[in-house]
Amino acid sequence: MAKIFSKNESPLVPMPSEAYIPQRDLNKTPVLECRRLGINFGGLVAVDDFNLIIGRTEIAGLIGPNGAGKTTVFNLLTKVYQPTKGTILLNGQDTHDMNTVQVCKAGIARTFQNIRLFNNLSVEDNVKLGMHNSIQYGMVRGIFRLPSYWRQEKSAHERAMELLSIFNMEDMANTKAGSLPYGAQRRLEIVRALATNPCLLLLDEPAAGMNPSETAELMENIVKIRDTFQIAILLIEHDMNLVMNICEGICVLNFGRIIAKGSPEDIQANPAVIEAYLGKKKEA
Amino acid sequence: MSFLNFLISGISLGSIYAIIALGYTMVYGIAKMLNFAHGDVIMVGAYICFFAVSRYSLPPLVGILVAMVICTLLGIIIEKLAYKPLRAAPSLAVLITAIGVSYFLQNAAQLLWSSNPKVFPMFFQRMVSKTTPDGTVQIVPVNGIDLFGGELRVSYVTIVTILVCLIIMLALTAFTGNTKMGKAMRACSEDKDAARLMGINVNTTISVTFAIGSGLAAIAGVLLCSAYPTLVPTTGSMPGIKAFTAAVFGGIGSIPGALLGGLMLGVIEIMAKAYVSTQLSDAIVFAVLIIVLLVKPTGLLGRPVREKV
Amino acid sequence: MTVKRISKNTRTTFITYGFVAAAFAVLQVLNSSGDLSPLLSGMLIPICAWVVMAISLNLTVGILGELSLGHAGFMSVGAFMGTTAAIALQRSVESAPLRLAIAIVVGAVFAAIVGFLIGIPVLRLNGDYLAIVTLAFGEIIKSIFTNLYVGIDERGFHMSLLKDRTDLLPGGKLIIAGPMGIGGVERISTFIAGFVLIMICLIVIFNLVNSRAGRAIMALRDNRIAAESVGISVTKYKMMAFVTSAAMAGGAGALFALNYSTVVANKFDFNNSILVLVFVVLGGLGNMLGSIIAAAALTILPEALRQFADYRMLVYAIVLILVMLGTNNPQIKNAFATCFDWLKGVFRKQSAKVSGERKEV
C-alpha cells in the first residue's frame, strides 16, 4: 500500500512484553503503558490481559472486528469503567485511584464513537468547555464579571478560534453544535478533546461515516495534530486505508484479547489477523 | 400483640398503595411518563361507587364494577385526549399535561360533587344478632373478627384488601407473562419502535395499559375509602403521591416492585405512626425512601441502567 | 474580534432585563397613581416571588437539566428563616427595608445550606429518581416546619420538635408555633424589593450561564459523559447550580412570607412545587423571559378568572392542558399556524383594500 504521508521515519523497536514503540520515543517515558489490563462484566470477560505501550509522539491504531472490546479499552483508559485487573501507567503514573475527571486532567482526552457533543451549546462553547480546567476564574468572579473574567474569556476565545482553525471551522463558532453536519461534528469532537491539552488523544472511529475525500483530509489532519502538539494518538478505526497509512504501531484485538501487535506491514501479513477478520480458511 | 395489629394494618394500607402503584408503574413502564392524574382517578372511582351504592342503592359489588367500568373509560379518554397527542413531545410537557388533567379532575369533582366530605358506607361488615344484658335481642354490625380472645382484631376490610391485592398481583403477573397483549406490553416497554416493526399496535397497547391501570385505581379507591371513610375531591392526591413513591421505592416499571414498594411503604408508615410520631410519619416514610434510593439508585427491584458509552 | 461582540445570548439577556425594568416601571407608576385595580396591586409582591421561584427553578430544570419536584421546600425554608430573622431583628433594626433585605439574605443563606445538605444525596441520582427524592425532601421539610417550635428570649433562640418545649423566659416570644406557623408578621415586603430581587437573580443567572461555571453546568445537561471526559466534575457543578437555585428560592420565600401576616408550612407544599414547574415548562426550558411571563400570567389568571367563580380552577386546568397540547403537538401547532396565516391574509387584504381606497381618494 502506498504511503501518502511522510511520517517521522522512525523504525519500531521491540520493548519488553512484546511492545513496539517508535525509535524516536525510545528514551522517554512512554505516554501510556497498560499491564495485563482486564475487565469483566458479571462474568463476561470483555477485555483480558491487555498489554500496550505507546510512545510519546506515536500514532497508534487499535483495530479488531466488531465487539472485540476496542471501545471498552478506551472506557478503561478514561475510567468510564474501572478495570477489574491490571494497571494503567500514564506518563509513568499509576491511574488506579483516578476517576474520569482526574484522568482527563492527567492528560488523556477522547472522542466518542457515537458523537457526544454539547448539542445545545455553540461550537465555540464546546471548545471552551474543553479548556475548562485551564481557565482559572471561579463562579463568583464569573458572576461579578471581575477583570479576570474578561481577560480569561478573551484568551479562551482566542485559543478556541486557534484550535478551530485546525479544521477551518472558525466561521462555525457561533453555530449550535447539534446543528452541524455529521463530519463537522466529528471534527469538533477532536477539537474539543485537543482543547483539554492532552498528552494522549484517543479517537474512537474518527472516520466513521466520512466519504473518501473527507477521510483523506482527516488523515492529513491527524498527522498534523500529532506534529503540531507533539502528542500521542491512539485511534480505533475500521478504515484500513487510514490505519495502515498513518499508524506506526498497531494492536489487533479479538474477543477481548490482543492477537497481534506490530507495524502495519507486520499486521497485514499476520495470519492470525487475517483469520480474525476473514475467518479460517477451510482445509482443502 | 399490638405490634401484630400494626403490622396487619400496615400490610393492608400497603396493599392499597401497591394497587395504586401498579397503575403508576405500568404506565411508566410503557409510556415513560409519570401519570400524575392517577391519584385523581382513584378519587373518581370512589365517588362513583359511593353514589352507586348510597344514591342508587346498588349492591356494593355492582357499585365497584360500575366504578371500574367508568374509571377504565375515563382512563382511556384521558389517554386519547391529553396524552396521545403528545407521544413525541418532551417528557416534561407530558408531565405538565398530566398535572393539568389532575387539576381538571379535582376541580370537576368539586363542582359536581362539592367539597363537603362524604362518609363512605361500610361495605365489609355483617349483621349479627346479639343479646344485650337486659334480655333484648339486637342486630349489630360487626366489621371484623377477633382473634386470640379479642387481643387481635382484624377488620374485614383489611382481609379483603390484602386478598384483592394478592389476586390482582397474581392476575397481572399471569397477564403480562402469558397473554398476547401482556407480551405486547412488555415489548413496548422495552423498545416501542422495535415493537411497532413486529406488528404490535403500540397505541392500542398503551390504551390498554391505561385502561387496566385506571380500572385498578377504581378498586383502590373503593378499598381506600372503606378503610378511611372520608371522601373529598382531594382524597386521591396524597395516596397518589405515596403510591408513586412506592412505585419508585420498588423500582419503577417493575410489577413485583410495586407490590414490594407498596407493602413496605404501608408498613413503615403505620409503624412510624405507632411508634415514633403521627405528625412526622410522612417525613419518616420519605426519609426511608431517600435512604433506599441512595443504596439502590433504581429502587429495590429496578434493573440498574448502564448508559452505553 | 473581542469577547464583547453582541451575540444572540447577550441580546436575549438585555431584552429580558429591559422587559422586567419596563414592566416594573409601568406597574409602579400605575400603582402609585392608584390606577391599578386593587386586585392586581395586592398581587404585585406575590407575582415577584413566583417570578423569582420560576427563574430559580428554571436554573435547575432548564439549565442544569434535572427535574426538581420539591422546590417549594426551599421557599419554605426561606420563608420561615427569613421571617424569623425579621421578627428577631424587629427592635434592633429600625429600618423596614433593611430588615427586609436582611430577612431575604437570611432566607437565601438557609435555603442554600439546606440545598447543599439535600444536594449531597440527591445529586448522586439521575432522572426520575432524582425528581422523586426532591419531592420527598420537599415533603420532609414541610413536615418538619409543621412540627417545629422556635422561640426567642434573653437567652437566645430555643427550638423543639413536635411539642412546645421551648420554656421561654417571661418576655420571650414564640416565633414558630408548630402547625400554627408564624403569626403576627409585620408586612414589610415591597414591590421595589421584589423587583430588585428579580433583577439580582436574573443577573446572577445570565452571568453564570455565560461564564466557565455556567458552561460546565449546561455541558452536564447536554451530555454528562462527555462533560466528565473533558474534566468537568459532575457533583461540583450540579451542586453549584442546585445551591444557587435553592438560595434564590429561599429569597423568594422570605419576600413572599413577609407580605402576609401569617406563615404556615402548608402554604409551601407539593402543589406549589408543581405550580412553579408549570411556570418553567410553559415559559420554555432555559428561557428566563418565558418563565417570568408564565409565572406572572399564571399567578394572575386564577384571580382574573374570578368572574367564573367556581369554574375558575377548572378553566385554569383546561387552559393548561390546551396550552401544552398547542405548543407540543405538531398537528395542533400547524393548525394554529394555519389559523394565524389565514388571519394574516385577511388582515393583509383588509389593509390592501384600505390602502387601495386611499389611492382612489
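Draft legend 1. Region of the structure containing the overall build of chain A. For chain A, the count of helices and strands is 10 helices and 12 strands. Against the 2.2 N^0.38 benchmark of 19 Å for 284 residues, chain A shows a C-alpha radius of gyration of 20 Å, consistent with a compact globule. Once the C-alpha set of chain A is aligned to its principal axes, its extents read approximately 75 × 40 × 40 Å. Sorting the 284 residues of chain A into buried and exposed places 48% on the buried side. Partitioning the intrachain contacts of chain A with sequence separation of at least 6 by distance along the chain shows that 68% fall at a separation of at least 24.

Draft legend 2. Looking closely at the overall build of chain B. A count of helical and extended segments in chain B gives 11 helices and six strands. In terms of C-alpha radius of gyration, chain B reaches 20 Å, essentially the compact-globule figure of 19 Å for 309 residues. Dimensions of chain B, computed from the C-alpha atoms along their principal axes, are close to 80 × 45 × 35 Å. Evaluated residue by residue, chain B yields a buried proportion of 49% over its 309 residues. Across chain B, the fraction of contacts at a sequence separation of at least 24, relative to all contacts at a separation of at least 6, is 72%.

Draft legend 3. A look at the sheet that holds strand E11 (residues 249–254) of chain A. Residues and elements named next belong to chain A. The strand order across the open sheet built from six strands is E8-E9-E10-E5-E11-E12, with neighbouring strands paired in mixed fashion. In this open sheet, the two strands that pair with only one neighbour each are strand E8 (108–110) and strand E12 (257–262). Here the strands of the sheet are splayed against their neighbours by 20° on average, with no regard to which way each runs. Sheet topology note: the strand E5 (residues 59–63)/strand E10 (residues 232–236) ladder contains four bridges and is parallel. Paired with isoleucine 59 across the bridge in E10 is isoleucine 233.

Draft legend 4. View of the interface of chain C and chain B. Taken residue by residue, the interface counts 33 residues in chain C and 36 residues in chain B. Elements that contribute at least two residues to the side of chain C that touches chain B include exactly helix H5 (127–146), helix H10 (270–283) and helix H12 (312–328) of chain C. For the side of chain C that touches chain B, the per-class residue count stands at 24 nonpolar, five polar and four charged.

Draft legend 5. Structural detail: the sheet that holds strand E2 (residues 156–161) of chain C. Residues and elements named next belong to chain C. Reading across from one edge, E2-E1-E3 is the order of the three strands in this open sheet, with antiparallel pairing throughout. Both edges of this open sheet fall to E2 and strand E3 (173–177), since each of them pairs with a single strand only. Each neighbouring strand pair of the sheet contributes to a mean axis angle of 20°, computed without reference to strand direction. Bridge analysis of strand E1 (residues 148–153) against E2 gives six bridges, and the strand direction is antiparallel. Within E2, the position partnered with tyrosine 149 by the bridge is serine 160. Packing of helix H3 (residues 71–88) onto the sheet brings it into contact with E1 and E3, and relative to E3 it is tilted by some 170°.

Draft legend 6. Layout of the pairing of strand E6 (residues 85–90) of chain A. Residues and elements named next belong to chain A. Bridge count between strand E3 (residues 32–41) and E6: five bridges; the pairing is antiparallel. Across the sheet, the residue bridging to arginine 35 is threonine 87, located in E6. In this sheet, strand E7 (residues 93–94) lies alongside E6 in antiparallel orientation, the contact comprising two bridges. Bridge pairing in E7 places leucine 90 opposite glutamine 93. Between E6 and the antiparallel strand that follows it, E7, lie two residues; asparagine 91 among them carries a positive phi value of about 50°.

Draft legend 7. Broad picture of the packing of helix H4 (residues 96–122) of chain C against helix H9 (residues 234–257) of chain C. All names here are of chain C. Two elements in contact, H4 and H9, have axes whose closest approach is 7 Å; the angle formed by their N-to-C orientations is 145°. H4 and H9 meet at a crossing whose hand is right-handed. The residues of H9 that touch H4, namely those facing Ala103, Ile104, Gly107, Ala108, Phe110, Ala111, Ala112, Val114, Gly115, Phe116 and Gly119, are Met239, Phe242, Val243, Ala246, Ala247, Met248, Ala249, Gly250, Gly251, Gly253, Ala254 and Leu255. Of the residues assigned to the contact of H4 with H9, the class counts are 17 nonpolar, six polar and no charged.

Draft legend 8. Looking closely at the confidence of the model for chain B. Per-residue confidence for chain B gives a mean pLDDT of 87, with 97% of residues at or over 70. Listed scores for the predicted complex are pTM 0.85 and ipTM 0.86.

Draft legend 9. Focus on the environment of alanine 226 of chain C. Considering the arrangement of structural elements, one finds alanine 226 of chain C in helix H8 (residues 224–229). Those residues in contact with alanine 226 of chain C, other than ones at most four positions away along the chain, are Phe112, Arg116, Leu117 and Phe118 of chain A.

Draft legend 10. The arrangement of the environment of cysteine 165 of chain B in detail. Residues and elements named next belong to chain B. Tracing the chain through its elements places cysteine 165 in helix H5 (residues 156–178). Among the residues examined, cysteine 165 registers 26 C-beta atoms within 10 Å and is labelled buried. Separated by 148 residues in sequence, cysteine 165 and tyrosine 17 place their C-alpha atoms 9.5 Å apart.

Draft legend 11. Here's a closer look at H5 of chain C. The end-to-end C-alpha distance of H5 of chain C is 29 Å, a good match for the 28 Å that 20 residues give at a rise of 1.5 Å each. Of all 20 residues that make up H5 of chain C, 18 are buried, and the element is covered over most of its length.

Draft legend 12. The packing of H3 of chain C against H9 of chain C, seen in detail. Residues and elements named next belong to chain C. Where H3 contacts H9, the two axes come as close as 6 Å, and the packing angle between them is 55°. Judged on the interaxial angle alone, H9 and H3 are oblique. Seen along the crossing, H3 lies across H9 with a hand that is right-handed. Contacts from His71, Phe74, Met75, Ser76, Val77, Gly78, Ala79, Gly82 and Thr83 in H3 reach Ala246, Ala249, Gly250, Gly251, Ala252, Gly253, Ala254, Phe256 and Ala257 in H9.

Draft legend 13. Broad picture of the nonpolar core. Ala46 of chain B together with Cys48, Val51, Val52, Ala54, Leu255 and Phe279 of chain C are the most contacted members of the largest nonpolar core, which has 297 residues in total. Those residues in contact with leucine 255 of chain C that lie beyond four places of it in its chain are Ile45, Cys48, Ala49, Ile104, Ser189, Ala193, Gly194 and Leu197 of chain C.

Draft legend 14. Representation of helix H5 (residues 147–164) of chain A within the structure. Residue and element names in this part refer to chain A. The terminal C-alpha atoms of H5 lie 26 Å apart, and with 18 residues this matches the ideal 26 Å at 1.5 Å per residue to within 8%. Listed in full, the buried residues belonging to H5 are Tyr149, Gln152, Glu153, Ala156, Ala160, Leu163 and Leu164. Seen along its axis, H5 keeps its buried residues to an arc of 105°; they face one direction. Pointing more than 90 degrees away from the buried face of H5 are the exposed residues Pro147 and Glu162. Residues of H5 that are buried make contact with helix H3 (123–130), helix H4 (139–144) and helix H6 (182–195).

Draft legend 15. Just unusual backbone geometry, in detail. In this structure, phenylalanine 255 of chain A is a non-glycine residue whose phi angle is positive, near 50°. Position of phenylalanine 255 of chain A among the secondary structure elements: in the loop between E11 and E12. Of note, serine 57 of chain B is a non-glycine position whose phi angle comes to about 45°, a positive value. In this fold, serine 57 of chain B is placed in the loop between helix H2 (38–54) and helix H3 (60–83). In this structure serine 57 of chain B comes out as exposed when scored by C-beta crowding, with 8 C-beta atoms within 10 Å.

Draft legend 16. Structural view of the environment of valine 44 of chain B. Residues and elements named next belong to chain B. Secondary-structure assignment places valine 44 in helix H2. As for valine 44 and proline 233, which are separated by 189 residues in sequence, their C-alpha atoms are 8.1 Å apart. In contact with valine 44, other than residues within four places in its own chain, are Cys71, Leu74, Leu105 and Ala109.

Draft legend 17. Fine view of the pairing of strand E4 (residues 44–54) of chain A. Residue and element names in this part refer to chain A. Bridge analysis of E3 against E4 gives seven bridges, and the strand direction is antiparallel. Considered in E4, the bridge of asparagine 40 is made with valine 45. Joining the antiparallel neighbours E3 and E4 is a turn of two residues, in which glycine 42 adopts a positive phi near 50°.

Draft legend 18. Up close: the confidence of the model for chain A. Residues and elements named next belong to chain A. Looking at chain A as a whole, the pLDDT averages 86, with 91% of positions reaching at least 70. Looking over chain A, one finds the lowest element-wise mean pLDDT in strand E1 (residues 12–15), namely 56, and the highest in strand E9 (residues 200–204), namely 95. Predicted confidence for residues 1–8 stays below pLDDT 50, and this span has 12 contacts to residues more than four positions away or in other chains.

Rules used in this analysis
Residues numbered from 1 in each chain as written. Chains lettered and ligands numbered in written order. Predicted model: local features only at pLDDT ≥ 70, side-chain atom pairs only at ≥ 80, totals over all residues. Helix = DSSP H or I, 4+ residues; strand = E, 2+ residues; numbered from the N terminus. Rg over C-alpha atoms; globule rule 2.2 N^0.38 Å. Buried ≥ 20, exposed ≤ 12 C-beta atoms within 10 Å, placed from the backbone. Contact = placed C-beta atoms within 7 Å. Pairing = 2+ DSSP bridges. Axes fitted to C-alpha atoms, helices over the stretch in contact; angles between N-to-C directions. Nonpolar A, V, L, I, M, F, W, Y, C, P; charged D, E, K, R; others polar. Left-handed = near helix turned anticlockwise from the far one by under 90°. pLDDT = per-residue confidence, 0-100. Expected span 1.5 Å × (residues − 1). Parallel < 35°, antiparallel > 145°, perpendicular 65-115°, else oblique. Core = buried A, V, L, I, M, F, W, Y, C linked by C-beta atoms within 7 Å. Arc of directions from axis to C-beta.

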